[in-house]
Amino acid sequence: MFYSYLVIAFRNLWKHRLFSFINVVGLASGMMVCLLALMQIKSAFEYDVFHPYPERTYRIISDVTERNGNTQSLAMTPLPLGDFLQRDYGFIEKSARVYFRLRGEVSGNDKTLYASGAFVDPAFFEVFGFKLAVGRPALDPNTVVLTSAMAQKFFGTANPVGKTILIRDQGHFTVVGVLAPAEKTHLHFEMLASMATRQTDAQLTNWNDHYSACTYILAKEGTSRQTLDQLLPVVSGRVNRLLGPKSPIQYGFRAQALTEITPDLEDLISITGAGATTIGSLLSFGAVALVILLLAGFNYINLTLARSLSRAREVGVRKATGALRSQLMGQFLVESTVIVLIALGLAYLLLIAVEPLPIVQRLTQNTRYDAMLWLYFILFALATGAVAGLVPARVLSAYQPMQVLRGQIGPRLLRGISWRKALIVVQFSVTLTAAIFMLVMYRQFSYMGSGDYGFNRENILNIPLTGSAADLGKYRLLANSLSKQVGVERVAAVSESMGHYGDGWQIRRERGGNTVRIESFAVDHNFVPSMRLTVVAGQNLPVSASDSAGHFILINETAVRALQLGNPQQAVGQTLWLDSTDVQVAGVLKDFNFMSFKWNIMPLMVRYEPKRFRMLHVSVADGASETVLPRVETLWKQVNPQEPLSYGWYQEELYEQHMHWDDQLFFYLLIGMALSIACLGLLGMVTYTTETRTKEVGIRKVMGATVMQIVVLLSKSFVGLLLIAGLIALPIGYSLGRLFLQEFAYHVSVGIETLGVCFGAMLLIGGLTIGIRTYRAALANPTDSLRNE
């Protein structure tokens, strides 16, 4: 029986080739995106499965409550917490801190590269399952282990154990080991140094800094999760009493099992190196994939029901010869399963085609194509076939021979509204809603890349200071040489480009007083005029070739309010404290967006610190870029002959930071898929409708109807469905767009231009699909359709 089902299924597919093509292509497009979502979900649950004690290992989460009542949940904790827990609570076997302050330019074996890592406790190598390929763990001061990838970059195939590397601003480190390639982990690093290196670091006893380190604990065997849940609130109370009643923050600590870190259900704030796939990203992309697959499923249901007349006759005949309803349902489900399995093969080919895109690689995180993944794919395809085929199977198998003879076979959803019309409306409503939402996303990211941040980024050439150019003397030589070139207006040195992230510091109004987090950038005196910033009070940083200018700082208006310094004029000249170092406010900058538009303006401090300089901003006169670039390359070779020049235009870099072209291409692909699937379904419906009305068209033409009148007659009902879909989708798309934009402190608006463009595009493409097909039907010779009458 099953064999006969397959034979009938393939015969029907070949007989109705256009509809089969539409169904296969539509389902393949939707399934390709769903396969990506399945790979992303599988990848998210493959993290940290190689550690030796996953059931006893926990990360401590900090719930930080500020005075204004705002609470932030962080994946980080203060550095002293680990020792505090292990010392005072006996059921904690080990504690391991990961201190993400090991980053910068690394020099070794005549190479200089930027790398990042962390300082870790000795217990790190026992709590986690990172294996050493050669050497031993980094336990002694100024010792480091490298990942295999970093060791390859610096030393090739040679054994690096015993070699020395120089980490800028950190000192010389001896390489004592190389890590074997590890499986997926939420911890990202290129090198691990011994925490003993930082034994004199004031941060080791600083309870106020909760942004630099992660704390992991290994509970003793037999310790329950409930014990930890009861303990940590007590720990929070002890720490808060230690901070005192005047502290601007209060802590609440919680335990998070190692197996719960990825996917991240809470979207915790984390520092570089401690990221995890969030449940929000999984749900968002999964929802997009299901929407596209839903559109393809609607196509299948719609086209199958549209052909209900011919299939109803088949049902009537088979029932008259004794076929059971279950047998008929099995026939239709086998047909849908055959289609989705063919679509699965095409979807896999599409997946291979888009796999090189960076956004696809980020989504899948190099998921292994193992047997389990293929099992997921096949089960998903079978489930898709069952769901897509269930409605047509139930509707068609329910027909009675008497209904067929009487012509009572039109399935109705509501009075006067057929299934096919309702599904077309739903299909285009979903497509238009998705298009509006994606266009809002595109406009927001474009705005973040090209909007007015309050600082100048036009005609500014960014030159990273790498290799020997990072040397204090050579950087000054390069900056002075560049500033003398024709076409160069000004050269400014900075630690990081604005529009990215600053370096968080803790600043106090009084020595020993409460701290305020402030974002810090190292700059020289040329920075303010180069960025065209406004000093509302005081003056710019002084011109200096020595570190003495580092005593003076500039802060923004938000920092003045956060530190309660009065107005900008009153803030000038006041002394503030950075740890144990006093600094003086030289001036106050007008507020501007120095970070992403995602956040409100935060307290800012800029200070002259040459050892932190990582980049030169070269302000180039209008039209002088082509003449300046060759001179820049020549001067660079004189200062740093071993390192190639790397540069970029500030405006382009900031735009590409938010608007990756590969990501845009993927978004366009998703929108195009959704719209193509909808139009294919519409084409199928229009084709079927015109075929069933062929004789009517022939009679009307014989009676004198014009081509345009016939086109209008065949098209008006479908155009009406598009208008209804627009009325449904526009408010939904508007609401979803507004909801998305609430995640950003500064955002675009969802105006008539966004809604109008999407609605107009849908009407245009849908109208062309309808018009072309009905126009061809209207041009047909009436004698062909009336020949048999």
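The structure reproduced in this document is the subject of the present report. Quick caveat, the model's predicted, so the values are computed rather than measured. Starting afresh in each chain, residues are numbered from 1 along the sequence in its written order. Under the rules for a predicted model, residues below a pLDDT of 70 receive no local features and side-chain atom pairs below 80 are neither given nor counted, while totals for whole chains, interfaces and linings still include all residues. Each side-chain value is worked out from all heavy atoms of the structure, with water and hydrogens disregarded.

1. Things to note about the overall build of the chain
Helix and strand counts for the chain come out as 24 helices and 24 strands. Contacts between residues were defined by any pair of non-hydrogen atoms, one from each residue, lying within 4.5 Å. Considering only residue pairs separated by 6 or more positions, the chain has 81% of its internal contacts joining residues 24 or more positions apart. All accessible-area figures derive from a Shrake-Rupley calculation using a 1.4 Å probe, and residue coverage is judged against the displayed protein chains alone. Approximately 35,500 Å² of the chain is accessible, and the part contributed by carbon and sulfur atoms is 58%. The numbering of helices and of strands both runs from the N terminus, where a helix is a DSSP run of H or I of at least 4 residues and a strand a run of E of at least 2.

2. A few points about the sheet that holds strand β15 (residues 488-494)
If you trace the four strands from one edge of the open sheet to the other, you get β15-β23-β14-β24, paired in antiparallel fashion. This sheet does not close on itself; its edge strands, each paired only once, are β15 and β24 (648-649). Pairs of strands are assigned from DSSP output, requiring at least two bridges between the strands. Where strand β14 (residues 460-464) meets β24, two bridges bridge the pair, whose relative direction is antiparallel. The residue of β24 that forms the bridge with Leu-461 is Trp-649. Against the sheet, helix α18 (residues 625-639) engages β14, β15, β23 (615-620) and β24, with an angle of about 15° to β14. Fitted lines through C-alpha atoms give the axes, limited to the stretch in contact for helices. The angle between two N-to-C directions lies from 0 to 180 degrees.

3. A short note on the packing of helix α2 (residues 17-44) against helix α9 (residues 325-354)
Two numbers describe a pair of packed helices, the interaxial angle and the distance between the axes. Relative to each other, α2 and α9 sit at 60°, their axes nearing to 7 Å. In terms of axis orientation, α2 runs oblique to α9. Crossing angle aside, the handedness with which α2 passes α9 is right-handed. For the pair α2 and α9, the contacting residues are Asn-23, Val-24, Val-25, Leu-27, Ala-28, Ser-29, Met-31, Met-32, Leu-35, Leu-36 and Met-39 in the first and Ile-339, Val-340, Ile-342, Ala-343, Leu-344, Leu-346, Ala-347, Tyr-348, Leu-350, Leu-351 and Val-354 in the second. Any angle that is under 35 degrees is reported as roughly parallel, and any over 145 degrees as roughly antiparallel; angles of 65 to 115 degrees are reported as roughly perpendicular and all others as oblique. Two helices cross in a left-handed way if the nearer one is turned anticlockwise from the farther one by less than a right angle. They cross in a right-handed way if the turn is clockwise.

4. Observations concerning the pairing of β15
Burial within β15 is extensive, with five of its seven residues counted as buried. Here β15 pairs with β23 via six bridges, running antiparallel. Its bridge partner being in β23, Val-491 is matched across the sheet by Val-618. Buried residues are those whose accessible area, probed at 1.4 Å on protein chains only, stays under 20% of the maximum for their type, while exposed residues exceed 50% and partly exposed ones sit between those limits.

5. As for the pattern of salt bridges
Criterion for a salt bridge: a side-chain nitrogen of Lys or Arg within 4 Å of a carboxyl oxygen of Asp or Glu. This structure, assessed with the given rule, holds 18 salt bridges. The residue Glu-46 makes a salt bridge to Lys-184 at a minimum N-O spacing of 3.0 Å. With Glu-46 in the loop between α2 and β1 (57-66) and Lys-184 in the loop between β8 (171-179) and β9 (191-194), the pair connects residues that are 138 residues apart, well separated along the chain. This pair shows no difference in class: Glu-46 is buried, exactly as Lys-184 is. Between Arg-225 and Asp-229 there is a salt bridge; the shortest N-O distance is 3.5 Å. Remark: Asp-229 and Arg-225 occur in helix α6 (residues 225-243); sequence separation between them is four residues, near one turn of the helix. Judged by its relative accessible area of 42%, Asp-229 falls in the partly exposed class.

6. Topic: a nonpolar patch on the surface
Together, Leu-341, Met-372, Leu-375, Tyr-376, Ile-378, Leu-379 and Leu-382 make up an exposed nonpolar region whose accessible area comes to about 590 Å². Among the elements that line the nonpolar patch, the one with the most residues is helix α11 (residues 371-397), at six residues. Using a relative accessible area of 36% as the deciding quantity, one classes Tyr-376 as partly exposed. Excluding any residue in a salt bridge, patches collect residues exceeding 30% relative accessible area, merging like charges within 9 Å and nonpolar Val, Leu, Ile, Met, Phe, Trp and Tyr side chains within 5 Å.

7. Quick notes on the packing of aromatic side chains
The aromatic pairing rule takes the rings of Phe, Tyr and Trp, using the six-membered ring of Trp, and pairs them if the centres are within 6.5 Å, calling planes under 30 degrees apart stacked, those over 60 edge-to-face and the rest tilted. Applying the stated criterion to the full structure yields 28 aromatic pairs. With a centroid separation of 4.9 Å and an interplanar angle of 45°, the aromatic rings of Phe-124 and Phe-128 are classed as tilted. Exposure remark for Phe-124: the relative accessible area of 1% places this residue in the buried category. A relative accessible area of 2% means that Phe-128 is categorised as buried. Between the aromatic rings of Tyr-447 and Phe-597, the centroid separation amounts to 4.8 Å while the plane-to-plane angle is 25°, which identifies the pairing as stacked. A residue pair is termed long-range when its members are at least 10 positions apart, and Tyr-447 in helix α13 (residues 419-450) and Phe-597 in the loop between β21 (581-589) and β22 (604-607) qualify at 150 residues. When its relative accessible area of 28% is taken as the criterion, Tyr-447 is described as partly exposed.

8. Considering the nonpolar core
For the purposes of this section, nonpolar cores are sets of buried Ala, Val, Leu, Ile, Met, Phe, Trp, Tyr and Cys residues that join through side-chain atoms within 4.5 Å. Ranked by size, the top nonpolar core spans 53 residues in total, and within it Phe-455, Met-498, Phe-527 and Val-606 carry the most contacts. Ranked by residue count, the leading element in this core is α13, at nine residues. When sequence neighbours within four positions are dropped, the list of residues in contact with Phe-455 reads Met-498, Gly-499, Met-531, Leu-533, Phe-592, Asn-593, Phe-594, Tyr-650 and Leu-654.

9. Focus: empty space enclosed by the protein
Here the term cavity refers to a set of points on a 1 Å grid, laid over the protein atoms alone, in which a 1.4 Å probe fits but cannot get out; the term pocket refers to an open set having protein on both sides within 12 Å along at least five of seven lines, with lining residues being those that place an atom within 4 Å of a point. Grid points are joined across faces, edges and corners, and a volume is the space filled by probe spheres set on the points. The full count for this structure, using the stated rule, is three cavities of 30 Å³ or more. Phe-592, Asn-593, Phe-594, Met-595, Ser-596, Trp-599, Asn-600, Ile-601 and Met-602 are the residues that line the second largest cavity. Polar here means any residue other than Ala, Val, Leu, Ile, Met, Phe, Trp, Tyr, Cys and Pro, which are nonpolar, and Asp, Glu, Lys and Arg, which are charged; Gly is therefore polar. Residues belonging to the lining of the second largest cavity are distributed by class as follows: six nonpolar, three polar and no charged.

10. Here's the deal with the pairing of β23
Of all six residues in β23, six are buried, a share of seventy percent or more. Residues Met-615, His-617 and Ser-619 point to one face of β23 and Leu-616, Val-618 and Val-620 to the other, with burial holding for every one of them. Where β14 lies against β23, five bridges are found, and the strand directions are antiparallel. Across the sheet, residue Leu-461 finds its bridge partner in β23, namely Val-618.

11. Let's talk about the environment of Glu-221
By the element assignment, Glu-221 lies in the loop between β10 (213-219) and α6. Taking the C-alpha atoms as reference points, Glu-221 and Glu-55, separated by 166 residues in sequence, lie 9.6 Å from one another.

12. As for the environment of Leu-714
Summarising the element assignment, Leu-714 is placed in helix α22 (residues 707-741). In contact with Leu-714, not counting residues within four places along its chain, are Thr-690, Arg-693, Val-697, Thr-774 and Ala-777.

13. Notes on the side chain of Lys-184
The exposure class of Lys-184 is buried, given its relative accessible area of 17%. Within the structure, Lys-184 has its side chain in polar contact with the side chain of Ser-43 (distance 2.9 Å). Polar contact is defined as a pair of N or O atoms within 3.5 Å, subject to the rule that within protein one atom must be able to donate a hydrogen and the other to accept it, and that residues adjacent in sequence are counted only when both atoms are side-chain atoms.

14. A closer look at helix α23 (residues 752-778)
When the terminal C-alpha atoms of α23 are compared, their 36 Å separation across 27 residues agrees well with the 39 Å that a helix rising 1.5 Å per residue should span. When α23 is considered as a whole, its buried residues turn out to be Thr-754, Leu-755, Cys-758, Phe-759, Met-762, Gly-766, Thr-769, Ile-770, Arg-773, Thr-774, Ala-777 and Ala-778. Expected helix span is given by 1.5 Å per residue-to-residue step, counting one fewer step than there are residues.

15. Looking at unusual backbone geometry
Residues Thr-262 and Pro-263 are joined by a peptide bond in cis, for which omega reads 0°. Turning to its location among the elements, Pro-263 is positioned in the loop between β11 (249-257) and α7 (279-306). Unusually for a residue other than glycine, Asp-48 sits at a positive phi of about 55°. The buried category is assigned to Asp-48, whose relative accessible area is 4%. Its identity as a non-glycine residue notwithstanding, Asn-142 has a phi of 60°, on the positive side. Along the chain, Asn-142 falls in the loop between β5 (132-135) and β6 (143-147). On the basis of relative accessibility, which here comes to 31%, the residue Asn-142 falls in the partly exposed class.

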